[in-house]
Amino acid sequence: MSYALHIVLVEPEIPQNTGNIVRLCSALGATLHLVKPLGFLLEDKYLKRAGLDYWPLVEIREHENYEAFEQSVPLKKYLMTSKGCHRPTDIAFFSECCLLFGGETKGLAPHILQKYPEDDLRLPMRDECRCLNLSNAVAVAAYEVMRQWGYPNLR
């Protein structure tokens, strides 16, 4: 079976988080999608430093807006949100899918959340906490997908 994980950052704001996610995608062989507007330039020194020398190992696709992303990537989409109703451990991920994450201060837009109400996922945490850091949330969710898939092509 063929597996393909796509990490989608919708309007990310903090370059260091995106750089960390580049490193994660390189470790997992995941494709990274950046949906504009971005809160930084791709030439940002903090972004480059956080991603270190992993940039050549990652396929990065830029999209002008969410609608452009939707049109160009017709895969199953799972929305990671602190407002989600389902745990990632309670579903079986499609073998080719996207994990969508919103920007650090706003999360995913309501129109995106409303489009996929059955596919909203939430990482369990204490009520006192609003959310995890974006790069941490991406890592936890991506590794759950890979665990379910049996860590294909990973040692």
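Structure first, text after, so check above.
The structure presented is a predicted model; accordingly, all values stated were derived computationally and were not measured.

So, how was this worked out
- Residues numbered from 1 in each chain as written.
- Predicted model: local features only at pLDDT ≥ 70, side-chain atom pairs only at ≥ 80, totals over all residues.
- Heavy atoms only, no water.
- Helix = DSSP H or I, 4+ residues; strand = E, 2+ residues; numbered from the N terminus.
- Rg over C-alpha atoms; globule rule 2.2 N^0.38 Å.
- Buried < 20%, exposed > 50% of the residue type's maximum accessible area, 1.4 Å probe, protein only.
- Contact = heavy atoms within 4.5 Å.
- Areas by Shrake-Rupley, 256 points an atom, 1.4 Å probe, with all protein chains shown as cover.
- Lys, Arg positive; Asp, Glu negative; His and termini not counted.
- Charge placed at Lys NZ, Arg CZ, Asp CG, Glu CD.
- Pairing = 2+ DSSP bridges.
- Right-handed = clockwise from strand over helix to strand, strands pointing away.
- Salt bridge = Lys/Arg side-chain N within 4 Å of Asp/Glu carboxyl O.
- Core = buried A, V, L, I, M, F, W, Y, C linked by side-chain atoms within 4.5 Å.

Chemist: Any details on the overall build of the chain? Residues and values, ideally.
Modeler: Counting its secondary structure elements, the chain contains five helices and six strands. Its C-alpha atoms give the chain a radius of gyration of 15 Å, within 12% of the compact-globule value 15 Å for 155 residues. Counting all 155 residues of the chain, 46% fall into the buried class. A separation threshold of at least 6 residues defines the contact pool for the chain, and within that pool the share at least 24 residues apart is 77%. Of the roughly 8,500 Å² of accessible surface on the chain, 51% is carried by carbon and sulfur atoms. On the chain, the mean spot of the 17 positive side-chain charges and the mean spot of the 19 negative ones are 5 Å from each other.

Chemist: Break down the pairing of strand β2 (residues 31–35) for me, citing the residues and quoting the values.
Modeler: With five of five residues buried, β2 lies mostly within the body of the structure. Burial along β2 is two-sided: T31, H33 and V35 facing one way and L32 and L34 facing the other are all buried. Both strand β1 (residues 4–10) and β2 contribute to a ladder of five bridges, which runs parallel. Note on β2: the bridge partner recorded for V10 is V35. After leaving β1, the chain enters helix α1 (residues 15–28) and then returns to the sheet as β2, a path that is right-handed. Across four bridges, the pairing between β2 and strand β3 (residues 60–63) is parallel. Within β3, the residue paired with H33 across the bridge is R61.

Chemist: Which residues make up the pattern of salt bridges, and what values do they have?
Modeler: Evaluation of the coordinates by the stated rule reveals eight salt bridges. Across the pair E70 and K115 runs a salt bridge whose closest N-O atoms are separated by 2.8 Å. In this pair, E70 is assigned in helix α3 (residues 66–72) and K115 in helix α4 (residues 110–115), connecting sequence segments 45 residues apart. Each of K36, E62 and E64 takes part in one network of salt bridges that share partners.

Chemist: Would you mind going over the nonpolar core in detail, with residue names and values included?
Modeler: With 32 residues, the main nonpolar core has L5, I7, L9, L32, L99 and F101 as its most contacted residues. Contributing elements (two or more residues each) for this core: β1, α1, β2, β4 (76–80), β5 (96–102) and α5 (134–149). Top contributing element to this core by residue count: α5, with eight residues.

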